[in-house]
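Residues per chain, in single letters:
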Amino acid sequence: MEFDSDTARMIAANEANWDARTPIHVASQFYDVPNRDPEVWFAEFEWDDLGDLAGRDVAHLQCHIGAETVAIAARGARVVGLDISAESVRAAREIAADKGVSVAYVHADVHDAAEALGRERFDVVYTGKGALCYVPDLAAWAEQVAALLRPGGQVYVVEFHPLLNALSPVPPPDGSEALLLRHDYLSGRGPVERDASRTYTDGPELTVAKVSYEWQHGLGDVVNALVDAGLRITRLRETEQLPWPRWSTMTSDGGWFALPEEAPRLPFIYALQAVR
(Lines give C-alpha, C1' and ligand atoms only; values in the text may rest on other atoms or scores of the structure.)
Protein backbone atom coordinates (compact mmCIF):
# COMPACT_ATOMS: atom_id res chain seq x y z
CA MET A 1 0.00 0.00 0.00
CA GLU A 2 1.21 3.49 -0.81
CA PHE A 3 1.24 6.06 2.00
CA ASP A 4 2.02 9.75 1.99
CA SER A 5 5.70 10.50 2.55
CA ASP A 6 5.29 11.50 6.21
CA THR A 7 3.36 8.34 7.15
CA ALA A 8 5.82 6.21 5.18
CA ARG A 9 8.66 7.82 7.14
CA MET A 10 6.99 6.96 10.45
CA ILE A 11 6.34 3.35 9.39
CA ALA A 12 10.00 3.04 8.39
CA ALA A 13 11.03 4.45 11.78
CA ASN A 14 8.88 1.82 13.51
CA GLU A 15 10.43 -0.93 11.40
CA ALA A 16 13.91 0.21 12.38
CA ASN A 17 12.89 0.49 16.02
CA TRP A 18 11.54 -3.08 16.09
CA ASP A 19 14.69 -4.32 14.36
CA ALA A 20 16.69 -2.71 17.19
CA ARG A 21 14.40 -4.04 19.93
CA THR A 22 14.45 -7.63 18.75
CA PRO A 23 17.79 -8.85 20.16
CA ILE A 24 16.96 -7.20 23.49
CA HIS A 25 13.60 -8.97 23.60
CA VAL A 26 15.06 -12.35 22.67
CA ALA A 27 17.57 -12.05 25.55
CA SER A 28 15.10 -10.58 28.07
CA GLN A 29 13.70 -12.18 31.19
CA PHE A 30 10.33 -10.70 30.20
CA TYR A 31 10.03 -13.12 27.29
CA ASP A 32 12.33 -15.78 28.80
CA VAL A 33 12.34 -17.50 25.41
CA PRO A 34 14.14 -20.73 26.47
CA ASN A 35 11.90 -21.47 29.46
CA ARG A 36 8.55 -19.69 29.36
CA ASP A 37 5.52 -21.60 28.12
CA PRO A 38 4.21 -19.47 25.21
CA GLU A 39 0.63 -20.13 26.32
CA VAL A 40 1.25 -17.66 29.16
CA TRP A 41 0.58 -14.88 26.66
CA PHE A 42 -3.00 -16.09 26.09
CA ALA A 43 -6.03 -15.62 28.31
CA GLU A 44 -8.04 -18.80 28.76
CA PHE A 45 -11.03 -17.24 26.98
CA GLU A 46 -8.93 -16.82 23.83
CA TRP A 47 -8.71 -20.58 23.32
CA ASP A 48 -12.44 -20.89 24.04
CA ASP A 49 -13.24 -18.29 21.39
CA LEU A 50 -10.80 -19.65 18.81
CA GLY A 51 -12.05 -23.22 19.21
CA ASP A 52 -10.28 -26.27 17.87
CA LEU A 53 -7.38 -25.11 15.70
CA ALA A 54 -6.16 -28.53 14.58
CA GLY A 55 -5.78 -28.62 10.80
CA ARG A 56 -6.84 -25.00 10.34
CA ASP A 57 -4.91 -22.34 8.44
CA VAL A 58 -4.03 -19.42 10.71
CA ALA A 59 -2.32 -16.10 9.96
CA HIS A 60 -0.75 -14.28 12.90
CA LEU A 61 -0.32 -10.63 11.92
CA GLN A 62 2.37 -8.43 13.49
CA CYS A 63 3.77 -11.50 15.20
CA HIS A 64 7.13 -10.01 16.35
CA ILE A 65 9.37 -12.88 17.60
CA GLY A 66 6.55 -15.42 17.44
CA ALA A 67 6.05 -15.81 21.20
CA GLU A 68 2.35 -16.41 20.59
CA THR A 69 2.66 -17.92 17.12
CA VAL A 70 4.37 -21.07 18.36
CA ALA A 71 1.55 -21.69 20.85
CA ILE A 72 -1.01 -21.57 18.02
CA ALA A 73 1.08 -24.00 15.96
CA ALA A 74 1.41 -26.33 18.96
CA ARG A 75 -2.39 -26.68 18.91
CA GLY A 76 -2.23 -28.28 15.49
CA ALA A 77 -2.78 -25.29 13.22
CA ARG A 78 -0.89 -24.56 10.02
CA VAL A 79 0.45 -21.12 10.95
CA VAL A 80 2.02 -18.25 9.05
CA GLY A 81 3.41 -15.30 11.00
CA LEU A 82 3.87 -11.87 9.40
CA ASP A 83 5.91 -8.96 10.71
CA ILE A 84 7.37 -5.73 9.37
CA SER A 85 10.69 -6.28 11.16
CA ALA A 86 13.20 -8.47 9.33
CA GLU A 87 15.09 -9.00 12.59
CA SER A 88 11.90 -10.17 14.32
CA VAL A 89 11.17 -12.61 11.52
CA ARG A 90 14.72 -13.97 11.65
CA ALA A 91 14.49 -14.43 15.43
CA ALA A 92 11.02 -15.99 15.17
CA ARG A 93 12.28 -18.59 12.71
CA GLU A 94 15.14 -19.52 15.05
CA ILE A 95 12.83 -19.74 18.08
CA ALA A 96 10.32 -21.96 16.26
CA ALA A 97 13.13 -24.24 15.06
CA ASP A 98 14.59 -24.48 18.57
CA LYS A 99 11.18 -25.46 19.94
CA GLY A 100 10.59 -27.99 17.15
CA VAL A 101 7.45 -26.20 15.96
CA SER A 102 6.59 -25.75 12.28
CA VAL A 103 5.77 -22.12 11.50
CA ALA A 104 6.27 -20.14 8.28
CA TYR A 105 7.29 -16.50 8.76
CA VAL A 106 7.00 -13.71 6.19
CA HIS A 107 8.61 -10.27 6.29
CA ALA A 108 6.01 -7.72 5.16
CA ASP A 109 3.97 -4.71 6.23
CA VAL A 110 0.54 -5.64 7.58
CA HIS A 111 -1.00 -3.23 5.06
CA ASP A 112 0.25 -5.58 2.33
CA ALA A 113 -0.71 -8.81 4.10
CA ALA A 114 -3.07 -10.21 1.46
CA GLU A 115 -0.48 -9.81 -1.29
CA ALA A 116 2.26 -11.27 0.92
CA LEU A 117 0.31 -14.25 2.29
CA GLY A 118 -2.44 -14.98 -0.24
CA ARG A 119 -6.09 -14.04 -0.56
CA GLU A 120 -8.87 -16.22 0.88
CA ARG A 121 -6.24 -18.56 2.28
CA PHE A 122 -6.98 -18.57 6.02
CA ASP A 123 -9.61 -19.89 8.39
CA VAL A 124 -8.40 -17.62 11.20
CA VAL A 125 -6.55 -14.31 11.31
CA TYR A 126 -5.14 -13.60 14.77
CA THR A 127 -3.66 -10.34 15.98
CA GLY A 128 -2.39 -9.96 19.51
CA LYS A 129 -1.66 -7.41 22.18
CA GLY A 130 0.12 -4.19 21.26
CA ALA A 131 -0.17 -4.47 17.47
CA LEU A 132 -2.89 -2.09 16.27
CA CYS A 133 -1.23 1.01 17.72
CA TYR A 134 1.32 0.66 14.89
CA VAL A 135 -1.39 0.68 12.20
CA PRO A 136 -1.98 4.18 10.80
CA ASP A 137 -4.89 3.18 8.53
CA LEU A 138 -7.48 0.93 10.20
CA ALA A 139 -9.71 0.83 7.11
CA ALA A 140 -6.85 -0.49 4.98
CA TRP A 141 -5.91 -2.97 7.73
CA ALA A 142 -9.48 -4.29 7.94
CA GLU A 143 -9.64 -4.71 4.16
CA GLN A 144 -6.46 -6.78 4.30
CA VAL A 145 -7.89 -8.95 7.08
CA ALA A 146 -11.09 -9.55 5.12
CA ALA A 147 -9.10 -10.41 1.99
CA LEU A 148 -7.03 -13.00 3.87
CA LEU A 149 -10.10 -14.87 5.13
CA ARG A 150 -11.96 -17.65 3.41
CA PRO A 151 -15.76 -17.31 3.48
CA GLY A 152 -16.79 -18.24 7.01
CA GLY A 153 -13.32 -17.49 8.35
CA GLN A 154 -12.85 -15.41 11.48
CA VAL A 155 -10.57 -12.63 12.65
CA TYR A 156 -9.72 -12.57 16.35
CA VAL A 157 -8.32 -9.31 17.71
CA VAL A 158 -6.98 -9.29 21.28
CA GLU A 159 -5.74 -5.83 22.17
CA PHE A 160 -4.95 -3.48 25.00
CA HIS A 161 -8.09 -1.59 25.93
CA PRO A 162 -8.21 2.15 25.16
CA LEU A 163 -8.76 2.69 28.88
CA LEU A 164 -5.38 1.10 29.63
CA ASN A 165 -3.82 3.55 27.20
CA ALA A 166 -5.59 6.41 28.96
CA LEU A 167 -4.32 5.18 32.35
CA SER A 168 -0.86 4.64 30.79
CA PRO A 169 0.32 1.10 29.98
CA VAL A 170 3.66 1.88 31.64
CA PRO A 171 4.26 3.67 34.96
CA PRO A 172 4.60 7.47 34.70
CA PRO A 173 8.01 9.07 35.26
CA ASP A 174 7.18 9.85 38.90
CA GLY A 175 6.33 6.20 39.58
CA SER A 176 2.79 7.03 40.73
CA GLU A 177 0.46 4.04 40.96
CA ALA A 178 -2.73 6.10 41.11
CA LEU A 179 -5.49 5.16 38.65
CA LEU A 180 -5.48 8.50 36.85
CA LEU A 181 -6.36 9.32 33.25
CA ARG A 182 -3.09 10.48 31.68
CA HIS A 183 -3.61 10.01 27.92
CA ASP A 184 -6.39 10.05 25.33
CA TYR A 185 -9.06 7.36 25.43
CA LEU A 186 -10.45 8.27 22.00
CA SER A 187 -8.59 8.54 18.72
CA GLY A 188 -8.44 11.61 16.51
CA ARG A 189 -5.21 13.41 17.36
CA GLY A 190 -3.07 11.62 14.79
CA PRO A 191 0.29 9.92 15.36
CA VAL A 192 2.12 10.21 18.67
CA GLU A 193 5.91 10.29 18.65
CA ARG A 194 7.42 8.12 21.38
CA ASP A 195 10.84 8.14 22.95
CA ALA A 196 11.56 4.46 22.36
CA SER A 197 15.13 4.41 23.64
CA ARG A 198 13.92 1.91 26.24
CA THR A 199 11.65 -0.96 25.30
CA TYR A 200 8.94 -2.50 27.47
CA THR A 201 11.14 -5.43 28.52
CA ASP A 202 14.19 -5.56 30.74
CA GLY A 203 17.54 -5.04 29.06
CA PRO A 204 19.75 -2.19 27.84
CA GLU A 205 18.75 1.00 26.09
CA LEU A 206 18.63 1.03 22.32
CA THR A 207 21.68 2.58 20.68
CA VAL A 208 19.95 3.30 17.37
CA ALA A 209 16.40 3.87 16.06
CA LYS A 210 15.23 5.40 19.32
CA VAL A 211 11.98 6.95 18.03
CA SER A 212 8.69 5.19 17.27
CA TYR A 213 5.20 6.33 16.31
CA GLU A 214 1.82 5.12 17.50
CA TRP A 215 -1.78 5.72 16.47
CA GLN A 216 -4.55 5.54 19.06
CA HIS A 217 -7.62 3.53 17.98
CA GLY A 218 -10.81 3.51 20.00
CA LEU A 219 -12.84 0.35 20.37
CA GLY A 220 -15.52 1.81 18.10
CA ASP A 221 -12.90 2.54 15.44
CA VAL A 222 -11.87 -1.12 15.30
CA VAL A 223 -15.45 -2.39 15.27
CA ASN A 224 -16.50 -0.02 12.50
CA ALA A 225 -13.43 -0.73 10.37
CA LEU A 226 -14.18 -4.46 10.42
CA VAL A 227 -17.90 -3.92 9.74
CA ASP A 228 -17.10 -1.57 6.86
CA ALA A 229 -14.82 -4.27 5.41
CA GLY A 230 -17.82 -6.61 5.25
CA LEU A 231 -17.23 -8.64 8.40
CA ARG A 232 -19.87 -9.52 10.99
CA ILE A 233 -19.01 -9.00 14.66
CA THR A 234 -19.82 -12.15 16.64
CA ARG A 235 -18.20 -11.52 20.03
CA LEU A 236 -16.75 -8.72 22.13
CA ARG A 237 -15.11 -9.32 25.49
CA GLU A 238 -13.48 -7.00 28.03
CA THR A 239 -11.28 -8.26 30.84
CA GLU A 240 -9.62 -6.73 33.90
CA GLN A 241 -6.63 -9.05 33.49
CA LEU A 242 -3.17 -8.43 32.04
CA PRO A 243 -0.34 -10.87 31.27
CA TRP A 244 2.06 -8.83 33.40
CA PRO A 245 1.65 -6.74 36.62
CA ARG A 246 1.31 -3.15 35.37
CA TRP A 247 0.57 -2.01 38.94
CA SER A 248 2.53 -3.46 41.87
CA THR A 249 -0.73 -4.19 43.71
CA MET A 250 -1.82 -6.63 41.00
CA THR A 251 -2.03 -10.26 42.05
CA SER A 252 -2.06 -13.50 40.09
CA ASP A 253 -3.74 -16.86 40.57
CA GLY A 254 -0.90 -18.46 38.64
CA GLY A 255 -1.94 -17.02 35.28
CA TRP A 256 -2.62 -13.41 34.38
CA PHE A 257 -2.68 -10.45 36.81
CA ALA A 258 -5.54 -8.32 38.13
CA LEU A 259 -6.00 -5.46 40.57
CA PRO A 260 -6.99 -6.47 44.12
CA GLU A 261 -10.63 -7.21 44.87
CA GLU A 262 -11.21 -3.85 46.58
CA ALA A 263 -10.00 -1.88 43.52
CA PRO A 264 -12.37 -0.73 40.76
CA ARG A 265 -12.99 -3.35 38.05
CA LEU A 266 -11.56 -1.81 34.90
CA PRO A 267 -11.06 -3.21 31.38
CA PHE A 268 -7.41 -3.57 30.37
CA ILE A 269 -7.74 -5.90 27.37
CA TYR A 270 -10.54 -6.49 24.89
CA ALA A 271 -11.13 -9.39 22.50
CA LEU A 272 -13.11 -8.91 19.31
CA GLN A 273 -14.23 -11.71 17.00
CA ALA A 274 -15.65 -11.14 13.51
CA VAL A 275 -16.60 -13.49 10.67
CA ARG A 276 -16.47 -13.11 6.91
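One numbering rule holds for all chains: residues counted from 1, following each sequence as written. Per-residue local features of the predicted model are confined to residues with pLDDT of at least 70, and side-chain atom pairs are confined, for both listing and counting, to 80 or more; whole-chain, interface and lining totals are unaffected and use all residues. Hydrogen atoms and water are omitted, and side-chain values are computed over all heavy atoms in the structure.

Further remarks concern the pattern of salt bridges. One side-chain nitrogen of Lys or Arg within 4 Å of one carboxyl oxygen of Asp or Glu is enough to make a salt bridge. This structure, assessed with the given rule, holds 16 salt bridges. Between Arg9 and Asp6 there is a salt bridge, and its shortest N-O distance comes to 2.7 Å. Remark: Asp6 and Arg9 occur in helix H1 (residues 5–27); sequence separation between them is three residues, near one turn of the helix. Since its relative accessible area comes to 38%, Asp6 is described here as partly exposed. Among the charged side chains, a salt-bridge network with shared partners connects Asp57, Arg78, Asp123 and Arg150. Going along the chain from the N terminus, every DSSP run of H or I of four or more residues is numbered as a helix, and every run of E of two or more is numbered as a strand. Accessibility here uses a 1.4 Å probe with only protein chains present; expressed as a share of the type maximum, an area under 20% marks a residue as buried, one over 50% as exposed, and anything in between as partly exposed.

Right, let's talk about the packing of aromatic side chains for a bit. Aromatic contacts are taken between Phe, Tyr and Trp rings whose centres are within 6.5 Å, Trp giving its six-membered ring; a plane angle under 30 degrees counts as stacked, one over 60 as edge-to-face, and the others as tilted. Tallied over the entire structure, the rule returns 12 aromatic pairs. By the ring-pair criterion, three or more aromatic residues cluster together here, those being Trp18, Phe30, Tyr31, Trp41, Tyr134 and Tyr200. Definition used: whenever NZ (Lys) or CZ (Arg) falls within 6 Å of the ring centre and also within 35 degrees of the ring normal, the charge is taken to sit over that ring. The side chain of Arg75 reaches across the aromatic face of Trp47, ending 3.8 Å from its centre. Residue placement shows Lys129 over the ring face of Phe42; its charged tip is 5.1 Å from the ring centre.

Burial of nonpolar side chains together is a common tendency in soluble globular proteins. Definition used in this section: a nonpolar core is a set of buried Ala, Val, Leu, Ile, Met, Phe, Trp, Tyr and Cys residues joined via side-chain atoms within 4.5 Å. Among the nonpolar cores identified, the biggest contains 44 residues, and Leu53, Ile72, Tyr105 and Phe268 are the most heavily contacted of them. The set of elements that each furnish at least two residues to this core consists of helix H2 (44–50), helix H3 (69–74), helix H4 (86–98), strand E3 (103–107), strand E4 (122–127), strand E5 (149–160), helix H7 (162–167) and strand E11 (269–275). In what follows, a contact means two residues having at least one pair of non-hydrogen atoms within 4.5 Å. Residue contacts for Phe268: discarding those within four places in its chain leaves Glu159, Phe160, His161, Leu164, Leu167, Thr239, Glu240, Gln241, Leu242, Trp247, Met250 and Leu259. Leu61, Trp141, Ala147 and Ala274 belong to the second-largest nonpolar core, a separate cluster that totals 31 residues.

In this section: H4. Take the residue count of a helix, subtract one, and multiply by 1.5 Å to get its expected span. For H4, spanning 13 residues, the distance from its first C-alpha to its last is 19 Å, which sits close to the expected 18 Å at 1.5 Å a residue. Along H4, the positions that sit buried rather than exposed are Ser88, Val89, Ala91, Ala92, Ile95 and Ala96. For H4, the angular spread of the buried residues around the axis is 165 degrees, confining them to a single face. Exposed side of H4, more than 90 degrees from the buried face: Ala97 and Asp98 are the residues found there. Looking at the buried positions of H4, the neighbouring elements they touch are H1, H3, strand E2 (78–83) and E3. Of the residues one or two after H4, Gly100 is the one with positive phi, at around 70 degrees. Each C-beta atom gives one direction from the helix axis, and the arc is the one those directions make.

On to helix H8 (residues 219–228). Residues three or four positions apart in an α-helix share a direction because the helix packs 3.6 residues into each turn. Among the residues of H8, Leu219, Val222, Ala225 and Leu226 are the ones counted as buried. Seen along its axis, H8 keeps its buried residues to an arc of 135 degrees; they face one direction. Where H8 is buried, its residues touch helix H6 (138–148), E5, H7, strand E8 (232–239) and E11.

Right, let's talk about the packing of H6 against H8 for a bit. Running from N to C, H6 and H8 cross one another at 50 degrees; their axes reach a closest spacing of 8 Å. Between H6 and H8, the angle is such that the two are oblique. The two elements H6 and H8 meet at a crossing, and its hand is right-handed. Residues Leu138, Ala139, Trp141 and Ala142 of H6 pack against Asp221, Val222, Ala225 and Leu226 of H8. Residue type decides the class: Asp, Glu, Lys and Arg count as charged, Ala, Val, Leu, Ile, Met, Phe, Trp, Tyr, Cys and Pro as nonpolar, and the leftover types, Gly among them, as polar. Classifying every residue of the contact of H6 with H8 by side-chain character gives seven nonpolar, no polar and one charged. Helix axes are fitted only over the stretch in contact, all axes being lines through C-alpha atoms; the angle between N-to-C directions runs from 0 to 180 degrees. To sort the angles, those under 35 degrees are grouped as roughly parallel, those over 145 as roughly antiparallel, those from 65 to 115 as roughly perpendicular, and the leftovers as oblique. In this scheme, a crossing is called left-handed if the near helix is turned counterclockwise away from the far one by less than a right angle; it is called right-handed if the turn is clockwise.

With respect to the helices and strands, Asn17 occurs in helix H1. Apart from the residues within four sequence positions on either side, Asn17 is in contact with Ala196, Leu206, Ala209, Lys210, Val211 and Ser212.

Geometric descriptors of this kind do not, in isolation, establish any biological role.
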